[in-house]
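Each chain is listed here by its residues.
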Amino acid sequence: MAGRFPQRPTRTTVRGGHAAVPGATGIPRQTAPARVRRWVPDGPLDLGLTLGPLRRGPADPTFRATADGSVWRACRTPAGPGTLRVRAYGGEVLGEAWGPGAGWLLEQLPELLGAADDPGAFVPRHRVVALARHRRPGLRLTRTGLVLESLIPSVLEQKVTTDEAYRAWRLLVRRFGEPAPGPAGLGERPMSVMPAPRTWALIPSWEWHRAGVDDKRASTILRAVRVAARLEQAVGMPPDQARARLEVVPGVGPWTSAEVVQRSHGAADEVTVGDLHLPGIVGWALAGDRDADDTEMLRLLQPYTGQRHRAARLILLSGHVPARRKPKMPWVDIGLL
């Protein structure tokens, strides 16, 4: 679920919150001309809240936030690899892009920052939701227009701890990806673009094992990259049809497809079903029921039909979550077996 954990003051979780601000020394000064686009949003915009769900862990090689407030993103576009740097100041957004995918990234910049989203359509029905919305007026739902870059890390997150999934994504992208175009691909901590579909398909079985990815998740990714072109076409479909196409791939179920379209489509109503924690968090926030299941969660979110994902995201960012009753799921590194 994008935005699972509450906002923290010093770093971003992969699920939402303010973007982390590591030292900027890993990104050298611009070494090649960048293509530039300026855009003025039609309302408040918080870059950290909007782009935070695209970050897969604190050391994600495809995502970085720096002390000057910039957000860097390296991705594989239909036009090729590209790097995007986004800064907001004075009510204006400046986008700079490098690489073969620079033009595509700048063309998609408004939608990436929530131009296709309609926060005004959301009407809070509970006090906790209303307060969360009031405190975060800059929350927009991003639309990346890319499927595979959200699908693969979502598959890696299936039925494991987030730390395991973050580690697997980091190791595989660094090992088999390519340097990000422009200055982000240089320096002491270079960013990387995720591998192309064919490269994913050629990763040896032992490399999946070393990254801690079991055969089931690896096989799901291999099946997905073989039909990558068909999956990317889902961007032009409504979210429900896109989810149906994704779920044709064995190993991709409702949880995974929802996680994907929340990012690729900016789907405001696609709530994550099948999550270990989300039903209890929503149940606790809206009804004091920490034992709520998916059915009860959907019932509680029914007043937000059309905006259920936004409502769930605001609940998660509110910090109104039940206390833990048992230890975290243990992490077993299968790469050591």
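Just so it is clear, the structure is predicted and the values come from calculations on it, not from any experiment. (Residues numbered from 1 in each chain as written. Predicted model: local features only at pLDDT ≥ 70, side-chain atom pairs only at ≥ 80, totals over all residues. Heavy atoms only, no water.)

K.L.:
Mind showing me how you'd approach the pairing of strand β5 (residues 92-98) here?
P.N.:
Every regular strand shows the same layout, with side chains that alternate between the two sheet faces. Taken across its seven residues, β5 has six buried, putting it largely inside the fold. Both strand β1 (residues 35-39) and β5 contribute to a ladder of five bridges, which runs antiparallel. Bridging from a neighbouring strand, Arg-35 pairs with Ala-97 of β5. Strand direction decides the pairing type here: strand β4 (residues 80-89) and β5, joined by seven bridges, are antiparallel. Counterpart to Arg-85 in the pairing with β5 is Glu-96. Count of turn residues in the β4/β5 antiparallel hairpin: two residues, of which Gly-90 carries a positive phi of about 60°. (Buried < 20%, exposed > 50% of the residue type's maximum accessible area, 1.4 Å probe, protein only. Helix = DSSP H or I, 4+ residues; strand = E, 2+ residues; numbered from the N terminus. Pairing = 2+ DSSP bridges.)

K.L.:
Can you help me understand the side chain of Arg-136 in this one?
P.N.:
In this structure, Arg-136 sits in the loop between α4 (127-135) and α5 (148-156). Buried charge without a partner: Arg-136 forms no salt bridge, and the closest opposite charge is Asp-46, 7.5 Å away. Among the polar contacts made by the side chain of Arg-136, one reaches the main-chain carbonyl oxygen of Leu-317 at a distance of 3.0 Å. (Lys, Arg positive; Asp, Glu negative; His and termini not counted. Salt bridge = Lys/Arg side-chain N within 4 Å of Asp/Glu carboxyl O. Polar contact = N/O pair within 3.5 Å; in protein donor to acceptor, adjacent residues only side chain to side chain.)

K.L.:
I keep staring at the confidence of the model for the protein chain and nothing clicks. Help me out?
P.N.:
For residues with low pLDDT, the predicted coordinates do not support detailed interpretation. Model confidence for the protein chain is summarised by a mean pLDDT of 90, while 88% of its residues fall at 70 or above. Counting contacts from residues 5-30, a segment whose pLDDT is below 50, to residues more than four positions away or on other chains yields 86 contacts. (pLDDT = per-residue confidence, 0-100. Contact = heavy atoms within 4.5 Å.)

K.L.:
Just checking my understanding: could you explain helix α13 (residues 278-287) for this structure?
P.N.:
One turn of the α-helix equals 3.6 residues, which is why residues spaced by three or four share an orientation. Summarising burial for α13: eight of the 10 residues are buried, a large majority. Of the positions making up α13, those classed as buried are Leu-278, Pro-279, Gly-280, Ile-281, Val-282, Gly-283, Ala-285 and Leu-286. Packed against the buried residues of α13 are α4, α14 (294-300) and α15 (308-318).

K.L.:
It is not clear to me how empty space enclosed by the protein should be interpreted in this structure. Could you clarify?
P.N.:
Empty pockets left among the atoms are what a rolling probe the size of a water molecule brings to light. For the structure on display, the rule yields three cavities of 30 Å³ or more. Of the volumes computed, that of the largest cavity is approximately 140 Å³. Leu-54, Thr-62, Arg-73, Glu-149 and Trp-169 are, among the 14 residues lining the largest cavity, the residues nearest its centre. Those elements that place two or more of their residues in the lining of the largest cavity are β3 (71-77) and α5. Here the lining of the largest cavity is built from residues that sort into seven nonpolar, two polar and five charged. One number sums up the size of the second largest cavity: a volume of about 40 Å³. Forming the boundary of the second largest cavity are 10 residues, of which Pro-53, Leu-141, Thr-142, Gln-262 and His-309 lie nearest the centre. Elements with a minimum of two residues in the lining of the second largest cavity: α12 (254-264) and α15. (1 Å grid on protein atoms, 1.4 Å probe; cavity = no way out; pocket = protein on both sides within 12 Å on 5 of 7 lines; lining within 4 Å. Points joined across faces, edges and corners; volume = space filled by probe spheres on them. Nonpolar A, V, L, I, M, F, W, Y, C, P; charged D, E, K, R; others polar.)

K.L.:
Help me understand the sheet that holds β3 in this model?
P.N.:
Strand pairing in a sheet relies on backbone hydrogen bonds, with the paired strands running either antiparallel or parallel. Pairing is antiparallel across the open sheet formed by five strands, whose spatial order is β1-β5-β4-β3-β2. With partners counted over all chains shown, the strands left at the sheet margins are β1 and β2 (63-65), one partner each. This sheet shows a mean twist of 20° between the axes of neighbouring strands, independent of strand direction. (Axes fitted to C-alpha atoms, helices over the stretch in contact; angles between N-to-C directions.)

K.L.:
Can you walk me through the pairing of β4 in this structure?
P.N.:
With seven of 10 residues buried, β4 is to be regarded as a mostly interior element. Bridge count for β3 against β4 is seven bridges, and the pairing is antiparallel. In the strand pairing of β4, Thr-77 is matched with Gly-80. The turn linking β3 back onto β4 is made up of two residues.

K.L.:
I would appreciate a short explanation of the pattern of salt bridges in the present structure.
P.N.:
Opposite charge on two side chains lets them pair, provided their charged atoms get close. Tallied over the entire structure, the rule returns 18 salt bridges. Of the charged contacts, one joins Arg-140 and Asp-42 as a salt bridge, the two residues approaching to 2.7 Å between their closest N and O atoms. With Arg-140 in the loop between α4 and α5 and Asp-42 in the loop between β1 and α1 (47-51), this residue pair connects regions lying 98 residues apart in the sequence. For Arg-140, a relative accessible area of 5% translates into the label buried.

K.L.:
Just checking my understanding: could you explain the nonpolar core for this structure?
P.N.:
In a soluble, globular protein the nonpolar side chains are often hidden away together inside. In this structure, Leu-151, Trp-200 and Trp-208 are the most contacted members of the largest nonpolar core, which totals 34 residues. Beyond its immediate stretch of four places on either side in the chain, Trp-200 contacts Ile-152, Trp-169, Leu-172, Met-194, Pro-195, Trp-208, Ile-221, Leu-222 and Val-225. Counting 22 residues, the second-largest nonpolar core is a separate cluster that includes Leu-139, Leu-278, Val-282 and Met-297. (Core = buried A, V, L, I, M, F, W, Y, C linked by side-chain atoms within 4.5 Å.)

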